[in-house]
Amino acid sequence: FDNKRCFFYHSMSFFQEKEVKRDDMFANSLDMAKAIADVCYQKLGKDTVVLDMSKDSVLCDYFVICDAPTRNQLRDIAENIDKMLSEQGIEPKSIQGKNDNAWTLMDYSSVIVHLFISGERSFYNLEGMWKSAPIVYAPDAEEANKEEKA
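Residues numbered from 1 in each chain as written. Predicted model: local features only at pLDDT ≥ 70, side-chain atom pairs only at ≥ 80, totals over all residues. Heavy atoms only, no water.

Engineer: Just to check I follow, could you spell out the sheet that holds strand E3 (residues 94-96) for this structure?
Structural biologist: Ordered by their spatial adjacency, six strands build an open sheet running E3-E4-E5-E2-E1-E6, and the pairing between neighbours is mixed. Of all the strands in the sheet, just E3 and strand E6 (135-137) have a single pairing partner and so form its edges. The sheet shows a mean angle of 20° between the axes of neighbouring strands, taken without regard to direction. Strand direction decides the pairing type here: strand E4 (residues 103-107) and strand E5 (residues 111-117), joined by five bridges, are antiparallel. If you follow Leu 105 over to E5, its bridge partner there is His 114. Packing of helix H2 (residues 29-42) onto the sheet brings it into contact with strand E1 (46-52), strand E2 (62-68), E5 and E6, and relative to E2 it is tilted by some 0°. In the packing of helix H3 (residues 71-86) onto the sheet, the strands contacted are E2, E3, E4 and E5, and the crossing angle to E5 comes to about 165°. (Pairing = 2+ DSSP bridges. Helix = DSSP H or I, 4+ residues; strand = E, 2+ residues; numbered from the N terminus. Axes fitted to C-alpha atoms, helices over the stretch in contact; angles between N-to-C directions. Contact = heavy atoms within 4.5 Å.)

Engineer: Is there a simple way to think about the packing of H2 against H3 in this case?
Structural biologist: Axes are the key here: two packed helices are described by the angle between their axes and the distance separating the axes. Running from amino to carboxyl end, H2 crosses H3 at an angle of 140°, the nearest separation of the two axes being 9 Å. Judged on the interaxial angle alone, H3 and H2 are oblique. Crossing geometry of H2 relative to H3 is assigned as right-handed. Of H3, the residues touching H2 (which contributes Met 32, Ala 35, Ile 36, Val 39 and Cys 40) are Ile 77, Asn 80, Ile 81, Met 84 and Leu 85. (Parallel < 35°, antiparallel > 145°, perpendicular 65-115°, else oblique. Left-handed = near helix turned anticlockwise from the far one by under 90°.)

Engineer: Even after reading the chapter, I still don't get H3, so can you show me in this structure?
Structural biologist: Each turn of an α-helix holds 3.6 residues, which means side chains three or four residues apart point in the same direction. Along its 16 residues, H3 runs 22 Å from first to last C-alpha, staying within 8% of the 22 Å computed at 1.5 Å per residue. When we look at burial in H3, the residues that qualify are Gln 73, Leu 74, Arg 75, Ile 77, Ala 78, Ile 81, Asp 82, Met 84 and Leu 85. Packing partners of the buried residues in H3 comprise H2, E2, E3, E4 and E5. (Expected span 1.5 Å × (residues − 1). Buried < 20%, exposed > 50% of the residue type's maximum accessible area, 1.4 Å probe, protein only.)

Engineer: Help me out: how do you make sense of the packing of aromatic side chains in this one?
Structural biologist: Describing an aromatic ring pair means giving the distance of the ring centres and the angle of the ring planes. Taken as a whole and assessed by the stated rule, the structure comprises five aromatic pairs. Residues Phe 63 and Trp 130 carry aromatic rings whose centres are separated by 6.1 Å and whose planes lie at 85° to one another, so their mutual orientation is edge-to-face. Here Trp 130 lies in the loop between helix H5 (126-129) and E6 and Phe 63 lies in strand E2, a separation of 67 residues in the sequence. Put simply, the rings of Trp 103, Phe 116, Phe 123 and Tyr 124 pair up and form one aromatic cluster. (Phe/Tyr/Trp six-rings, centres within 6.5 Å; stacked < 30°, edge-to-face > 60°.)

Engineer: I'm lost on the nonpolar core in this one. Help?
Structural biologist: Across soluble globular proteins, nonpolar side chains show a tendency to be buried alongside one another. Ranked by internal contacts, the top residues of the largest apolar core, which has 28 residues, are Ile 36, Val 64, Ile 81, Leu 85, Val 113 and Leu 115. Elements with a minimum of two residues in this core: H2, E2, H3 and E5. Of all the elements, H2 adds the most residues to this core, at seven residues. Ile 81 has contacts with Ile 36, Val 39, Cys 40, Met 106, Tyr 108, Val 113 and Leu 115, leaving out every residue within four places of it along the chain. Judged by nonpolar contacts, the second largest core, of eleven residues, contains Phe 63, Ile 112, Phe 116 and Ala 138. (Core = buried A, V, L, I, M, F, W, Y, C linked by side-chain atoms within 4.5 Å.)

The following block contains the structure:
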């Protein structure tokens, strides 16, 4: 019995240490979603929003949705998101449509990123499909508010 208890406590401390290390940059999944949205904005993605999916879906906590005018720009945004998260030790469960597609989906468990070619976003209308999910962050709007106050 004592050996099992010792192993259990050792295992739990191992997982706790690993979790703390992973959260160096992001305190929670909302912080991660905001950081992803900021990368989209910095790479000139358009109309970037973060939707709170926690009450509407068991798949994830947040959607980050963004569009770009060209496939090259879309690919650049996806690569920069992947690079930023990889540097933090966060790898995607899946990336679909990264090469020459109109919709790239990046699954990071608690955050799912949807990158669209301009025009495709309105066709799929994810914001309309998930209209009960509130927008909790929009870097385009945040920047506009800063400029108005200045």
